[in-house]
Amino acid sequence: QVRLVESGGGLAQAGGSLRLSCAVSGVAMANYRVGWFRQTPGRERDFVAGINWSGSFTYYADSVQGRFAISRDNANNLVYLQMSSLKPEDTAVYYCAATNGFGYIKSAASYNYWGQGTQVTVSS
């Protein structure tokens, strides 16, 4: 059974940092691309960052480029999202997702599996 579990969310001040983790189990993680998405009430899930199978390529939304960094540790089945220079508009529930397909990495529809989400709140 495939399972993704996010952790590391919480409350941060504007300008601060948080690191989210996504623990993946039930699959050979090296065969999956992984993405982070975020969602606020009444809105669709928006792409934040993505990483390819080996970690050699990373992708970011314009809104987080230069502030967030995605990385992965296939040996330990973990994916990270380091968030720096946080802004109040980064407040959202953050989800990690995995796909073994070849769809567009920035599209939520490309992903087979999702975690339950972790809340990130940034105060001004």
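Placed above this text is the structure.
A brief report on the enclosed structure follows. None of the values given here were measured: they were computed from a predicted structure. (Residues numbered from 1 in each chain as written. Predicted model: local features only at pLDDT ≥ 70, side-chain atom pairs only at ≥ 80, totals over all residues. Heavy atoms only, no water.)

**Side note on the overall build of the protein**
Stage number 1. Check the secondary structure of the protein and you find zero helices and eleven strands.
Stage number 2. Beginning at the N terminus, the succession of helices and strands in the protein can be written as β-β-β-β-β-β-β-β-β-β-β.
Stage number 3. Computed over the C-alpha atoms, the radius of gyration of the protein is 13 Å, within 12% of the 14 Å expected from 2.2 N^0.38 for a compact globule of 124 residues.
Stage number 4. Oriented by its inertia axes, the alpha-carbon framework of the protein measures out at about 40 × 30 × 25 Å.
Stage number 5. Among the 124 residues that make up the protein, the fraction classed as buried is 41%.
Stage number 6. Once local pairs closer than 6 in sequence are excluded, the contacts in the protein between residues at least 24 apart make up 58%.
Stage number 7. A total accessible area of about 6200 Å² is found for the protein, and carbon and sulfur atoms account for 47% of it.
Stage number 8. Taken as two groups, the 10 positive and 7 negative side-chain charges of the protein have centres that lie 4 Å from each other. (Helix = DSSP H or I, 4+ residues; strand = E, 2+ residues; numbered from the N terminus. Rg over C-alpha atoms; globule rule 2.2 N^0.38 Å. Buried < 20%, exposed > 50% of the residue type's maximum accessible area, 1.4 Å probe, protein only. Contact = heavy atoms within 4.5 Å. Areas by Shrake-Rupley, 256 points an atom, 1.4 Å probe, with all protein chains shown as cover. Lys, Arg positive; Asp, Glu negative; His and termini not counted. Charge placed at Lys NZ, Arg CZ, Asp CG, Glu CD.)

**Here we look at the pairing of strand β5 (residues 46-51)**
Stage number 1. Burial of β5 is extensive: five of the six residues sit out of reach of the surface.
Stage number 2. Relative to β5, strand β4 (residues 33-39) is paired through five bridges, and the arrangement is antiparallel. Across the sheet, the residue bridging to V34 is I51, located in β5.
Stage number 3. A loop of six residues connects β4 with β5, the two strands running antiparallel in sequence, and G42 in this loop sits at a positive phi of about 80°.
Stage number 4. Between β5 and strand β6 (residues 58-60), which pair antiparallel one after the other, the connecting turn spans six residues, and G55 there sits at a positive phi close to 90°. (Pairing = 2+ DSSP bridges.)

**Here we look at the sheet that holds strand β8 (residues 78-83)**
Across a sheet, strands are paired by hydrogen bonds formed along the backbone, either parallel or antiparallel in direction.
Stage number 1. Across the sheet, four strands lie side by side as β1-β3-β8-β7; this open sheet has antiparallel pairing. Pairing within the sheet leaves two strands with one partner each, and these edge strands are β1 (3-7) and β7 (68-73). Going across the sheet, the axis of each strand differs from the next one's by a mean of 15°, ignoring polarity.
Stage number 2. Two elements, β7 and β8, share six bridges in a ladder whose sense is antiparallel. From the neighbouring strand, A69 faces β8, where its bridge partner is Q82. (Axes fitted to C-alpha atoms, helices over the stretch in contact; angles between N-to-C directions.)

**Let's talk about the environment of P88**
Stage number 1. Structurally, P88 is set in the loop between β8 and β9 (92-99).
Stage number 2. For P88, a relative accessible area of 35% translates into the label partly exposed.
Stage number 3. Through-space distance from the C-alpha of P88 to that of T121 is 7.3 Å; in sequence the pair is 33 residues apart.
Stage number 4. The residues touching P88, leaving out its near neighbours within four places in the chain, are A14, V122 and S124.

**Here's the deal with the pattern of salt bridges**
Stage number 1. Across all of its chains, the model carries three salt bridges by this definition.
Stage number 2. Put simply, D90 and R38 hold a salt bridge, and the shortest N to O gap is 2.9 Å. Of this pair, D90 sits in the loop between β8 and β9 while R38 sits in strand β4, and the two are 52 residues apart along the sequence. R38 shares its class with D90; the two are buried.
Stage number 3. Linking D46 and R43 is a salt bridge whose minimum nitrogen-to-oxygen distance equals 3.6 Å.
Stage number 4. Relative accessible area serves as the criterion here: at 31%, D46 is assigned to the partly exposed category. (Salt bridge = Lys/Arg side-chain N within 4 Å of Asp/Glu carboxyl O.)

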